[in-house]
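Structural description and commentary
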Amino acid sequence: MAKTKLTVPELIQGIQTNSTVDVDVKTVRAVLDALRTTTAEKLKEGFAVNVWNIATVEVVTAKARRGINPQTKKPIEIPEREKVKAKAAKPFNREVVGE
């Protein structure tokens with residue numbers, strides 16, 4: 001479990017440090033923004049998106065279920081809804097956890 005979150009500037013710094021080409025902050029930020037925008041557009045169109053051997057991102061439908069209102073402790077019905085799901089790619093998972 002992650003103990004702290006990586007900030008966007010730290011991510012950009014890491015990309016610059018590990019890149020085999022000379023890139024500036026604006027270029028890295030523009031590429032990350034384009035990746036986010038394109039991924040969101042394709043998910044809305046119904047595609048699953050494979051993000052370069054890191055993860056596959058897709059929209060899935062969560063089933064309707066029963067829950068409990070934490071304030072009143074009364075049962076409630078939680079309706080079916082769509083949510084974004086990400087699954088780590090096997091090569092990335094092996095690199096991170098070694099399995």
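Anyway, here's the lowdown on the structure attached to this text. (Residues numbered from 1 in each chain as written. Predicted model: local features only at pLDDT ≥ 70, side-chain atom pairs only at ≥ 80, totals over all residues. Heavy atoms only, no water.)

1. What about a positive patch on the surface?
On the surface, Arg-65, Arg-81, Lys-83, Lys-85, Lys-87, Lys-90 and Arg-94 cluster together into a patch of positive charge. Going through the elements one at a time, strand E5 (81–88) and helix H3 (90–97) are the ones with two or more residues in the positive patch. Among the elements that make up the positive patch, the one with the highest residue count is E5 (four residues). Its place among the elements puts Arg-65 in strand E3 (residues 65–68). (Patch = residues over 30% accessible without salt bridge, like charges linked within 9 Å, V, L, I, M, F, W, Y side chains within 5 Å. Areas by Shrake-Rupley, 256 points an atom, 1.4 Å probe, with all protein chains shown as cover. Salt bridge = Lys/Arg side-chain N within 4 Å of Asp/Glu carboxyl O. Lys, Arg positive; Asp, Glu negative; His and termini not counted. Charge placed at Lys NZ, Arg CZ, Asp CG, Glu CD. Helix = DSSP H or I, 4+ residues; strand = E, 2+ residues; numbered from the N terminus.)

2. Details of the layout of surface pockets
By volume, the largest pocket amounts to about 690 Å³. Taken together, 18 residues form the lining of the largest pocket, with Leu-11, Leu-32, Leu-35, Val-51 and Ile-54 sitting closest to its centre. Elements with a contribution of two residues or more to the lining of the largest pocket: helix H1 (8–18), helix H2 (25–44) and strand E2 (55–62). When grouped by side-chain class, the residues that make up the lining of the largest pocket number 13 nonpolar, two polar and three charged. The volume enclosed by the second largest pocket comes to roughly 170 Å³. Lining the second largest pocket, in full, are Gly-14, Ile-15, Asn-18, Ser-19, Val-23, Thr-27, Val-28, Val-31 and Leu-32. Only H1 and H2 provide two or more residues apiece to the lining of the second largest pocket. Residue contributions to the lining of the second largest pocket peak at four residues, all from H2. When grouped by side-chain class, the residues that make up the lining of the second largest pocket number five nonpolar, four polar and no charged. (1 Å grid on protein atoms, 1.4 Å probe; cavity = no way out; pocket = protein on both sides within 12 Å on 5 of 7 lines; lining within 4 Å. Points joined across faces, edges and corners; volume = space filled by probe spheres on them. Nonpolar A, V, L, I, M, F, W, Y, C, P; charged D, E, K, R; others polar.)

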